[in-house]
Structures are given as C-alpha cells and as structure tokens.
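Survey of secondary and tertiary structure
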Amino acid sequence: MINFTKFERINPEKRDVLKRLKDYDEVYQVFGKHRAREQSDRCMQCGDPYCHTGCPLHNFIPAWLKQTAEKNMDLAFALSNETSPFPEILGRICPQDVLCEGACSLNTGHGAVSIGAVETHLNERAFENGMKPKFSPIKGDKKVAIIGSGPAGISAATFLLRRGIAVEMFEREDRAGGLLMYGIPGFKLDKSTVERRINWLLEAGMKLHLNCEIGLDKSIKEIEDEFDAIFVGIGAKKGRWANIEGEDASNVHLAMDFLTGIQKRNLGNTEATFIDVKDKRVVVIGGGDTAMDCVRSSVREGASTVKCLYRRDEANMPGSKKEVVNAKEEGVEYIFNVSPNKIIKKGDTAVGIEVLKTELSQADESGRQRVTIIDGSEYLEDADVIIFALGFSPETPDFFEDANLKTNSWGGIDINASYQTSNPKFYAGGDCNRGAHLAVTAALDGREAAAQIEKALA
Ligand SMILES: Cc1cc2nc3c(=O)[nH]c(=O)nc-3n(C[C@H](O)[C@H](O)[C@H](O)COP(=O)(O)OP(=O)(O)OC[C@H]3O[C@@H](n4cnc5c(N)ncnc54)[C@H](O)[C@@H]3O)c2cc1C
Ligand code: SF4
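Quick caveat: nothing in here was measured; it's all calculated off a predicted structure.

Conventions and cut-offs
Residues numbered from 1 in each chain as written. Chains lettered and ligands numbered in written order. Predicted model: local features only at pLDDT ≥ 70, side-chain atom pairs only at ≥ 80, totals over all residues. Helix = DSSP H or I, 4+ residues; strand = E, 2+ residues; numbered from the N terminus. Rg over C-alpha atoms; globule rule 2.2 N^0.38 Å. Buried ≥ 20, exposed ≤ 12 C-beta atoms within 10 Å, placed from the backbone. Pairing = 2+ DSSP bridges. Axes fitted to C-alpha atoms, helices over the stretch in contact; angles between N-to-C directions. Contact = placed C-beta atoms within 7 Å. Near = placed C-beta within 6 Å. Nonpolar A, V, L, I, M, F, W, Y, C, P; charged D, E, K, R; others polar. Left-handed = near helix turned anticlockwise from the far one by under 90°. Core = buried A, V, L, I, M, F, W, Y, C linked by C-beta atoms within 7 Å. Domains from an automatic or database assignment. Expected span 1.5 Å × (residues − 1).

Here we take up the overall build of the protein. The helix and strand tally for the protein stands at 18 helices and 16 strands. Against the compact-globule benchmark of 23 Å for 458 residues, the protein has a radius of gyration of 23 Å, which places it among compact chains. Every one of the 458 residues in the protein was classed for burial, and the buried ones make up 47%.

Here we come to the sheet that holds strand S8 (residues 305-310). Here we have 5 strands laid out as an open sheet, ordered S6-S14-S7-S8-S9, and parallel in their pairing. The strands lining the two open edges of the sheet, one partner per strand, are strand S6 (252-254) and strand S9 (333-336). Taking each pair of neighbouring strands and ignoring which way they run, the sheet shows an average axis angle of 25°. Taken together, the 5 bridges between strand S7 (residues 281-285) and S8 define a ladder with parallel strand orientation. Paired with Val282 across the two strands is Val306, which belongs to S8. Packed on one face of the sheet, helix H13 (residues 255-266) meets S6 and strand S14 (385-388) and runs near 80° to S6. Across the sheet, helix H14 (residues 289-300) touches S7, S8 and S14, and the angle it forms with S8 is around 170°.

To continue, consider the site of ligand 2. Neighbouring ligand 2 are 15 residues, the closest being Cys55, Leu90, Cys94, Leu99 and Cys100. Mapped by element, the contributors of at least two residues to the shell around ligand 2 are helix H6 (87-93) and helix H8 (115-128). Here the shell around ligand 2 is built from residues that sort into 9 nonpolar, 5 polar and 1 charged.

Within the element layout of this structure, Gly367 appears in the loop between strand S11 (349-363) and strand S12 (369-373). With 6 C-beta atoms counted inside 10 Å, the residue Gly367 sits in the exposed group.

Time to look at the sheet that holds strand S1 (residues 143-147). What the 5 strands build is an open sheet, ordered S3-S2-S1-S4-S16; its pairing is parallel. Either end of the sheet is taken by a strand with one partner, and the two such strands are strand S3 (207-209) and strand S16 (426-428). Taking each pair of neighbouring strands and ignoring which way they run, the sheet shows an average axis angle of 20°. In this structure, S1 lies alongside strand S4 (residues 229-232), joined through 4 bridges in parallel fashion. Pairing of Ile146 across the sheet is with Phe231, part of S4.

Right, let's get into the site of ligand 1. Around ligand 1 there are 39 residues in total, and Gly148, Gly150, Gly178, Gly235 and Gly430 lie nearest to it. Among the secondary structure elements, those contributing two or more residues to the shell around ligand 1 are helix H9 (151-162), H14, helix H17 (431-434) and helix H18 (439-457). A breakdown of the residues in the shell around ligand 1 according to their chemical character gives 18 nonpolar, 12 polar and 9 charged.

Quick look at the packing of helix H5 (residues 73-83) against H8 now. Where H5 contacts H8, the axes come no closer than 9 Å and their chain directions differ by 115°. Here H5 runs over H8; the crossing is left-handed. Between H5 and H8, the contacting residues are Met73, Ala76, Phe77 and Ser80 on the first element and Glu119, Leu122, Asn123, Arg125 and Ala126 on the second. Across the contact of H5 with H8, the residue classes break down as 5 nonpolar, 2 polar and 2 charged.

Here the focus is the nonpolar core. If you look at the biggest cluster of nonpolar residues, it comprises 87 residues, and the most contacted ones within it are Val144, Ile146, Ala157, Leu160, Ile230 and Phe231. Considering each element in turn, this core owes the most residues, 8 residues, to H18. The residue makeup of this core includes at least three contributed by each of domain 1 (17-128) and domain 2 (143-236 + 394-457). If near-sequence neighbours (up to four positions away) are discounted, Ile146 is found in contact with Gly153, Ala156, Ala157, Val167, Met169, Phe170, Phe231 and Gly233. With 38 residues, the next largest nonpolar core counts Val252, Ala255, Phe258 and Ala389 among its residues.

Here we come to unusual backbone geometry. With a phi angle near 55°, Asn243 is a residue other than glycine that sits in the positive phi range. Mapping Asn243 onto the fold places it in the loop between strand S5 (238-239) and S6. For Asn243, a count of 8 C-beta atoms within 10 Å gives the class exposed. Backbone geometry places Tyr419, a non-glycine residue, at a positive phi of 65°. Along the polypeptide, Tyr419 turns up in the loop between helix H16 (399-402) and S16.

Right, let's get into the domain arrangement of the protein. We note that the domain assignment places domain 1 (17-128), domain 2 (143-236 + 394-457) and domain 3 (239-390) within the protein. The C-alpha-based centres of domain 1 and domain 2 are spaced at 26 Å. Contact residues are listed per partner, giving 17 residues for domain 1 and 22 residues for domain 2. With 5 residues, the single largest contributor to the side of domain 1 that touches domain 2 is H6. Residue classes in the side of domain 1 that touches domain 2 are distributed as 11 nonpolar, 1 polar and 5 charged.

Time to look at H13. Its 12 residues give H13 an end-to-end C-alpha distance of 17 Å, which sits within 8% of 16 Å, the value for a rise of 1.5 Å per residue. Taken together, the buried positions of H13 are occupied by Ala255, Met256, Phe258, Leu259, Thr260, Ile262, Gln263 and Lys264. Where H13 is buried, its residues contact helix H10 (179-182), S5, S6, H14 and S14. Following H13 by one or two positions, Gly268 has its phi on the positive side, about 90°.

In this section: the pairing of S14. Burial along S14 is two-sided: Val385 and Ile387 facing one way and Ile386 and Phe388 facing the other are all buried. In this sheet, S14 lies alongside S6 in parallel orientation, the contact comprising 3 bridges. Bridge pairing in S14 links His253 to Ile387. Taken together, the 4 bridges between S7 and S14 define a ladder with parallel strand orientation. From the neighbouring strand, Val282 faces S14, where its bridge partner is Val385.

Listed below in structure tokens is the structure:
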C-alpha cells in the first residue's frame, strides 16, 4: 500500500467517441484486475480517512481498497456490500469528484485514488465469479410496503430483506429502478445492472407489483391496513418549464419526456411516446446532469446540431465535470451566459429561442454569483427541437393528504430524524424528501429508514 508515488492516478478507459456515438452502451470500461490492484495500492490507509466521510454512505473505502490490492476479493466484496445496497452502480454514477474522491487525502497534489472505478471493478469481478449479495430468510410475520422502486426504495428493500423482514414493492412504471431505469441513460449506467439487483431482491423473497400506482391502482388506505410499516420513495421528477412566451409549441419538451422515451424504446417498448430529433437542430436549456444527459442522448439520436445553453459560465455548472468533458468530445456545443427569453413560433411550431446575454456579479457571502441580464442583448438561436432541463419539483399526490403525510417548505414529504413522517406508520426518503439529489443519498435514506423500521417493528 501507500504506493501513490510509484503509480499515478488512472481513470477508467473510455470507448472511442465514434463508436460510442452509435449506441447507448456504457462509455467507461470496467478496470481490469491488474489496474484495479495497482490503483488500490495507491491508498495511504489514513487512520481517519476523509474519503469515508466524503461518501454519504460512509463506505469502508480504505478497507476494501486494501483487500483489493492484496487480492482478497471475497473480503473486498463483503466489505463493499456491507454499507452499500448497490456499490457497482454507485461506482459508475456517483459524482466522485465532489464526494469520496474529492475528500481523498491524495486529491491535493497526487490525484485521488480512483475509488469509484475500483468499487465497480471489485463487485463486477465478484459477480463474474458467482458471488451474490447475502440475505436472511424471512422471519416473523411483519411486512413492509415500499412505494417507489428507485434507489431509495431498492435500498430500503435490500436492508430490510437482509434482516429477514418481508417486503412488497409497488411501482407505477412497467419496470423497477426509478430514475436508474428511466432517467439515467445507458451510456452512464447499463440497465442490466439495475435488473440484476432487482432480481436478487425477488430471489430473496420481495414481491414486486409493477404498473401499480398507489393512490390510483391501489388506495393508500389498503396499504396502511395491510402493512406494518410503509416506506415512501416516490422521487421528485415533475419537470420545470421556463414560464416564457411560446413554450406551448409542439416541439418544446421537458427533459424527462425526452430521456424516458429513448430509454423505453431502447428496452423494446414500441408504445411509449418517443421524441424524434434525428437530423434536427436541438437546443437544450440547462447546465446540470439532466441537461448533459439530454445533449449526449441527442447526439446519439442523430441530431444535426446540439447546443447546450446555460445562464452562468462553465465554472458554475452544477453537474459532474467529467460529463461536460464527455459531451464536448461527442460534439456538443456550449453557449454560456445566456438566459431564455421567449420561444419564436411559426403556427404551432417553435423555430428558435430568443435568449438574453447575462453576466455574473461578484460572489456574495455564500460564494454564489448573481446572474444579471444585459439589456438589449437579445438574439435568436435557431432550433427544430427545444428541451428544458431546468430542475424538478416534488409530486404531491392526493394520497399524502389521505394518509396525513405533511409536506416541508418546498413541498416534499416531511420527516423527522428517524425518517418517520407525520403519520408514524410511514417513513420516507430520497428525492421526495430532499428534492432532486443523488442516487447515493437516496440509497443512504433507504438504508437508514430500514434500520428505523426494523427498530419500530421489533
Ligand atoms: C436525467 C437524470 C440523470 C441523473 N444522473 C445521476 C447521476 O449520474 N448520478 C446520481 O447520483 N444521480 C443522478 N440523478 C439523480 C438520481 O437519479 C435521483 O436522485 C435518484 O434516482 C432519486 O431516487 P428516488 O428513489 O428518491 O426516486 P426515483 O429514482 O425518482 O424513483 C421513484 C420511483 O417511484 C415511482 N412512483 C412515483 N409515484 C408513485 C406512486 N404513487 N405509486 C407507485 N410508484 C410511484 C416512480 O415511478 C419511480 O420509479 C439523475 C437524475 C436524472 C433525472
Ligand atoms: S458510494 Fe459513491 S461516494 Fe461512496 S465510495 Fe462509492 S462512489 Fe464514492
């Protein structure tokens, strides 16, 4: 160990740009065993590791890096799965630069250990060798309902089933996985990785009800009567419009409608609504990860040009830096410091978007720079398709009121420190409480809520 002077940090290899534009397969290759050992060997084995603190799940990172470097792959696998419900998925999609790797002691000067890539490698290698996560046989007669099958729901189900508590999951879509299935594109996360985890939960005894929307196909009253505890993990994916003139045009769309249509088509669903951008000039408004996923999907769909318009500058983009680099490599053009003003239409169809140039003020006490519009700076960006990726609002279905689930200041489900809602039988976590956030924090919420539910049912 401590070989960071001998080996430099290496990122996983990326597929060639021309090849990756032809499909939705993952861009990053999984480390081979020699590379994974060498990269793990760079870890300093800090006594009080910052990476562990930077990871929302507080994974035992130095411990599994040591076992990987020393070829104890069974132990590395067990340690990695102890705290995480799906480490091979989070190793792929976490923004490590602001989490574990951002906090790594080597990050200042030598280059952080490639934690996410090793995490994915050690689990994929274990699966290749026939290893699987362990669950307990169901004991007792208590059962828990999980509403929503995204990372929060999957995590809650995983930790409850590990403790031998029966689980039934309810999902309104035709496939489980939430945004892991119908949000994050395949070039970041292969859908088979999500299905693999769901299948293990089914093997462990979980009952899964697809195409079952709580509040519509089954009432919340039935759920409350049938189950001893309920975990709500319904996400927050109601897209935001810009509220500008002309956005009712037929070729102006919300990001999730665009992304979900592609992913459903890729999974063989011929009936799902699909937004065709082939040979069209696509303009995406927004600067976060969802906008990056839209522009990178557009180039794969054969758009003639793809532009990403963002009202701040590149340094202030909220998304993962590596995805911006990937998008540029794939031919996306960025236009910074512009704000949408109105959609220009011909009849019912948008032909472009009028934007205003912006400038950023000096940073305030919080470090954030305000956006100021430059008067008289408007100009037209031609477009055949316009996609808004401007963030998400919570969904507040009627069942919140029916079950007495109070909401917080932004409209998400209110919970206490024990993940309990205003109705003590109901627990909640993930985006429906935090607002649009990350898969890893949804996983944390599911894990912690499961521990609280276990305590309450004991
Ligand atoms: C395009 C995009 C890209 C992203 N990329 C990343 C990334 O690279 N890395 C990262 O960490 N995070 C990423 N995120 C964020 C991450 O996906 C979310 O934070 C995470 O999925 C939230 O998990 P969740 O379980 O709370 O909700 P969700 O994943 O939204 O799952 C909620 C589930 O509940 C279901 N549901 C809703 N209402 C009902 C009901 N009444 N009855 C039954 N089922 C219901 C929904 O259909 C859905 O399947 C991305 C998000 C988007 C939109
Ligand atoms: S879960 Fe995410 S933050 Fe935690 S170790 Fe894995 S990649 Fe890093």
